[in-house]
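Below, each chain spelled out in residue letters.
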Amino acid sequence: MIGDIIEKSRRDVCDANTVEVKRQYERQLHLDGKEYSDVVFVQFLMDFGESACTLEGDIRYVDGEVRCSIHSESADDVGDDEEEGVPFL
């Protein structure tokens, strides 16, 4: 039960952080007059200076959303998660 509370807290912190990263990233794009690119986003994350995810998940900008490979609802879009269920043989 305590583990569930801790995991929910980690997810909540990560979700709040990804919202903040998105807000600041889009603000920076607007102020600099730049368009999104993977290179620009990675540079922004390096300059941001903080990890958005409490468990160091991979943070990406996908379809206009900032997503964490561990905590985002659509983490499967990001990639690095293991899929549950029966693997293909």
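Residues numbered from 1 in each chain as written. Predicted model: local features only at pLDDT ≥ 70, side-chain atom pairs only at ≥ 80, totals over all residues. Heavy atoms only, no water.

Student: Explain helix 2 (residues 38–48) to me, using residue names and the numbers behind them.
Tutor: Looking only at helix 2, the buried set comprises Phe41, Phe44 and Phe48. Along helix 2, the residues classed as buried sweep out an arc of 60° about the axis, all on the same side. Seen from the buried face of helix 2, the exposed residues on the opposite side, beyond 90 degrees, are Asp38, Val39, Met46 and Asp47. Where the residues of helix 2 are buried, they touch helix 1 (2–32), strand 1 (59–62) and strand 2 (65–68). Backbone geometry just after helix 2 places glycine 49 at a positive phi near 80°. (Buried < 20%, exposed > 50% of the residue type's maximum accessible area, 1.4 Å probe, protein only. Helix = DSSP H or I, 4+ residues; strand = E, 2+ residues; numbered from the N terminus. Arc of directions from axis to C-beta. Contact = heavy atoms within 4.5 Å.)

Student: Talk me through helix 1; I want residue IDs and the actual numbers.
Tutor: Spanning 31 residues, helix 1 covers 44 Å between terminal C-alpha atoms, matching the ideal 45 Å at 1.5 Å per step. Buried within helix 1 are the following residues: Cys14, Thr18, Val21, Tyr25 and Leu29. Of the residues trailing helix 1, glycine 33 is marked for its positive phi of about 65°. (Expected span 1.5 Å × (residues − 1).)

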